[in-house]
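Here's the letter readout for the chains.
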Amino acid sequence: MKFKLGQIVATPGAMGTFTPEAMADYLKRHASGDWGKLDAMDKEQNEHALEHGWRILSNFENESGDRLYIITEADRSVTTLLLPEEY
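Cut-offs and rules
- Residues numbered from 1 in each chain as written.
- Predicted model: local features only at pLDDT ≥ 70, side-chain atom pairs only at ≥ 80, totals over all residues.
- Heavy atoms only, no water.
- Helix = DSSP H or I, 4+ residues; strand = E, 2+ residues; numbered from the N terminus.
- Buried < 20%, exposed > 50% of the residue type's maximum accessible area, 1.4 Å probe, protein only.
- Core = buried A, V, L, I, M, F, W, Y, C linked by side-chain atoms within 4.5 Å.
- Contact = heavy atoms within 4.5 Å.
- Phe/Tyr/Trp six-rings, centres within 6.5 Å; stacked < 30°, edge-to-face > 60°.

A.B. asks: Which parts of the structure should I look at to understand unusual backbone geometry?
C.D. replies: The bulk of non-glycine residues show a negative phi, and the bulk of peptide bonds are trans. Although it is not a glycine, Arg76 sits at a positive phi angle of roughly 60 degrees. Of note, Arg76 is situated in the loop between strand E3 (67-72) and strand E4 (78-82).

In structure tokens:
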């Protein structure tokens, strides 16, 4: 893990769309620095966030095209899994 996740929470939409196994896999990827389907600028911002203690965002997509955001707060107290429309 590149950073602490803190308490892990998921919204009802995320839990209704993604299996627990898929969410665990995406969470593991997020914690290891795999930011999923972010553009180059957002990926660079995450790298700076690791150094400076800012918020970290990942964006993953399953085979059906459903997207999942994972956000770790700047103080690393909470990581939230949510659908884009729940942001």
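A.B. asks: Explanation requested: the environment of Ala40 in the structure shown.
C.D. replies: Along the polypeptide, Ala40 turns up in helix H3 (residues 40-52). The class for Ala40 is exposed, based on a relative accessible area of 63%. Residues Ala40 and Glu73 lie 33 residues apart in sequence; the distance between their C-alpha atoms is 20 Å.

A.B. asks: Sorry, what's going on with the nonpolar core here?
C.D. replies: Generally speaking, soluble globular proteins have nonpolar side chains that are buried together. If you look at the biggest cluster of nonpolar residues, it comprises 21 residues, and the most contacted ones within it are Phe18, Met23, Tyr26, Leu68, Ile70 and Leu81. Of all the secondary-structure elements, those providing two or more residues to this core are helix H2 (20-31), strand E2 (56-61), E3 and E4. In this view, Leu68 contacts Ala14, Phe18, Met23, Tyr26, Ser58, Asn59, Phe60, Leu81 and Leu82; residues no more than four positions away in its chain are not counted.

A.B. asks: Which parts of the structure should I look at to understand the environment of Thr80?
C.D. replies: Looking at the secondary structure, you find Thr80 in strand E4. Relative accessible area serves as the criterion here: at 18%, Thr80 is assigned to the buried category. The spacing of Thr80 and Met1 is 79 residues in sequence and 16 Å in space, taken between C-alpha atoms.

A.B. asks: Looking at this model, I keep getting lost on the packing of aromatic side chains. Mind explaining?
C.D. replies: Both the distance between ring centres and the angle between the ring planes are used here to describe each pair of aromatic rings. Under the counting rule described, the total for this entry stands at four aromatic pairs. With 6.0 Å between their ring centres and 80 degrees between their planes, Phe18 and Tyr26 make a pair best called edge-to-face. The exposure class of Tyr26 is buried, given its relative accessible area of 7%. Summarising the aromatic geometry, the rings of Tyr26 and Phe60 are spaced 5.0 Å apart at their centres and angled 15 degrees between planes, so their arrangement reads as stacked. Within this pair, whereas Tyr26 is found in helix H2, its partner Phe60 is found in strand E2, the two being separated by 34 residues in sequence. Phe60 sits in the buried class, given a relative accessible area of 2%. One aromatic cluster is present, built from ring pairs that chain together Phe18, Tyr26 and Phe60.

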